[in-house]
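So you can see what is in the structure, the chains are spelled out below.
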Amino acid sequence: MQAQDDHKRIKAAVRTPGNIICLALITSVCMAIAIISSCNKGKQRIDMRNQAGSKTSSRKIPADAWKAPDSTAIPVGKAGDMIRYGKELLAHTGRYFGPDGSVAKLSNGMNCQNCHLEGGRRLFGNNYASFIATYPKMNNRSGKIDQPTDRIVQCFNRSLAGHAPDTNGHEVRAMLAYMKWIGQDVKKGKKLFGTATEKLAFMDHAADPVKGRAIFVSKCKVCHGSNGEGLLAADKKSYTYPPLWGEHSYNNGAGIYRIGNLAGFVKNNMPFGATYQNPQLTNEEAWNVAAFVNSQPRPHFDQRKDWKDLKTKPVDFPFGPYTDKFSEKQHKYGPFKPIAAAQKELTSKKS
C-alpha cells in the first residue's frame, strides 16, 4: 500500500511541473498577443494623430525668406519721425480716420493692420515687403497703371468702406515713408516668399458656408463676436479684433471678399496663434470658414468699372459678367477647377 501511495505521489509530482510549464506557456502566449495588440492599437493612434496632424503640420520657412527690419532701427530725426507716424497710422487707422477720427472721419473704424498684420511685417499676412518695389504696376481690376497712392485710395474705399484721405497730405506721405522703410532692401522684380496671402489649392467641391459657420462658432467668435461684430479697442475708436461682416466691416469690393484671398489669409493667421509654420486649420476648413464669413451681409461697393477686360477676372470674383458659362454662385464658392480650366482653354485659343 505504501509503495502504491509513493508511486501515485511521484506521478502527481511529475504531472504538476508539466501543468505549470503548459500554463506558463499559455500565459506567455496571451501576454505576447496582448502586447502586440496594444502596440498595434498604439501605432493606429499614432498614425491617426499623424494623419490629422498632416493637415495642419509644421511647415518650414525658407532660409532666404524676407525678414522685416527691426522697428528699433528706425532712424532718429525728422525722417524717423515720419516713419514712426506712418507705422502708427497703419496700426491704429480707426483712431485717426474712423467714425470719431482725430484727423478726419473717413472710414469704418477698422485699421490697416487688421488685414496687414503686425504692421505689414508678417509672412502671408499681407505684408508690405514688396509694396513700394512693385509700383508703378498694371492693375487689372482698375485697368490702368497704378501708383502706391492709388492702392491706398482703394484700401480706404473698399477695405475700410469709406473715403480716401488727401494723397498729397502729411498722413499718406507718412504711411508711404513707413512702407518704403519696411521694404528698403527689396528690389523691383525680386520674388519673395510669403507676400500677400497664400494661394491654397482648389478643392474638388464647393466651399461650404454651413460647415464654415461651425468652425467660426468653435474657433473664431471668441475674438470676432457671435455676430461678427469684432471687438472695439479701449478707446472705442478702432478695433482690436475687426468686424468680419456688418456695416463696420469691409465692403464687397474689397480684395478679401474673394474667398480665395480670405481662405489663404485664414489658413496662415487664424485663429489666434496660427502661423504659416503651425497652422491650426486644414485647407478645407479655411475654405469653408472663408465661405461663411463672405456669405454674411456687408456694405456694397459699386464695381461696375472694375475688370473692364473680363479675361483678367479672377476665378473667385463673385460678380458677373464673365467670359465663361459658370454662375456667380460657383464663382463665389467653387468648385474653381472647372472655371480655371475653362479660362486656360480660352487663353490658349486666343494666343
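Residues numbered from 1 in each chain as written. Predicted model: local features only at pLDDT ≥ 70, side-chain atom pairs only at ≥ 80, totals over all residues. Heavy atoms only, no water.

## Quick notes on the nonpolar core
Judged by nonpolar contacts, the single largest core of 31 residues is most densely connected at Phe-216, Tyr-250, Leu-262, Trp-287 and Val-289. Taken together, the elements giving at least two residues each to this core come down to helix H7 (209-219), helix H9 (259-269) and helix H10 (283-293). Not counting the four nearest positions on each side in its chain, Phe-216 is found in contact with Lys-221, His-224, Gly-225, Ser-226, Gly-228, Leu-244, Trp-245, Val-289 and Phe-292. Counting residues in hydrophobic clusters, the runner-up holds 30 residues, among them Leu-123, Val-172, Ala-174 and Tyr-178. (Core = buried A, V, L, I, M, F, W, Y, C linked by side-chain atoms within 4.5 Å. Buried < 20%, exposed > 50% of the residue type's maximum accessible area, 1.4 Å probe, protein only. Helix = DSSP H or I, 4+ residues; strand = E, 2+ residues; numbered from the N terminus. Contact = heavy atoms within 4.5 Å.)

## Some remarks on the packing of aromatic side chains
Taken as a whole, this structure holds 18 aromatic pairs when the rule is applied. A centroid spacing of 6.3 Å and a plane angle of 75° characterise the contact between Tyr-128 and Phe-131, whose relative ring orientation is edge-to-face. An identical accessibility class is assigned to Tyr-128 and Phe-131; each is buried. With 6.1 Å between their ring centres and 10° between their planes, Tyr-257 and Phe-319 make a pair best called stacked. Remark: Phe-319 occurs in the loop between H10 and helix H11 (328-333) and Tyr-257 occurs in the loop between strand S4 (239-241) and H9; sequence separation between them is 62 residues. Under the relative-accessibility criterion, Tyr-257 is labelled buried at 8%. (Phe/Tyr/Trp six-rings, centres within 6.5 Å; stacked < 30°, edge-to-face > 60°.)

## Things to note about the packing of H7 against H10
Two packed helices can be described by the angle between their axes and the distance between those axes. In the contact formed by H7 and H10, the axes pass within 7 Å of each other and the chain directions differ by 95°. Overall, the two elements H7 and H10 adopt an arrangement that is roughly perpendicular. Judged by residue contacts, Pro-209, Lys-211, Gly-212, Arg-213, Ile-215 and Phe-216 of H7 engage Glu-285, Asn-288, Val-289, Ala-291 and Phe-292 from H10. Among the residues forming the contact of H7 with H10, the class breakdown is six nonpolar, two polar and three charged. (Axes fitted to C-alpha atoms, helices over the stretch in contact; angles between N-to-C directions. Parallel < 35°, antiparallel > 145°, perpendicular 65-115°, else oblique. Nonpolar A, V, L, I, M, F, W, Y, C, P; charged D, E, K, R; others polar.)

## Quick word on the state of the cysteines
Summed over all chains, the structure comprises zero disulfides. Looking at the unpaired Cys-115, the closest cysteine sulfur is the one in Cys-155, lying at 8.1 Å. Free cysteine: Cys-155, not disulfide-bonded; nearest cysteine sulfur from Cys-112 at 6.4 Å. (Disulfide = S-S within 2.5 Å.)

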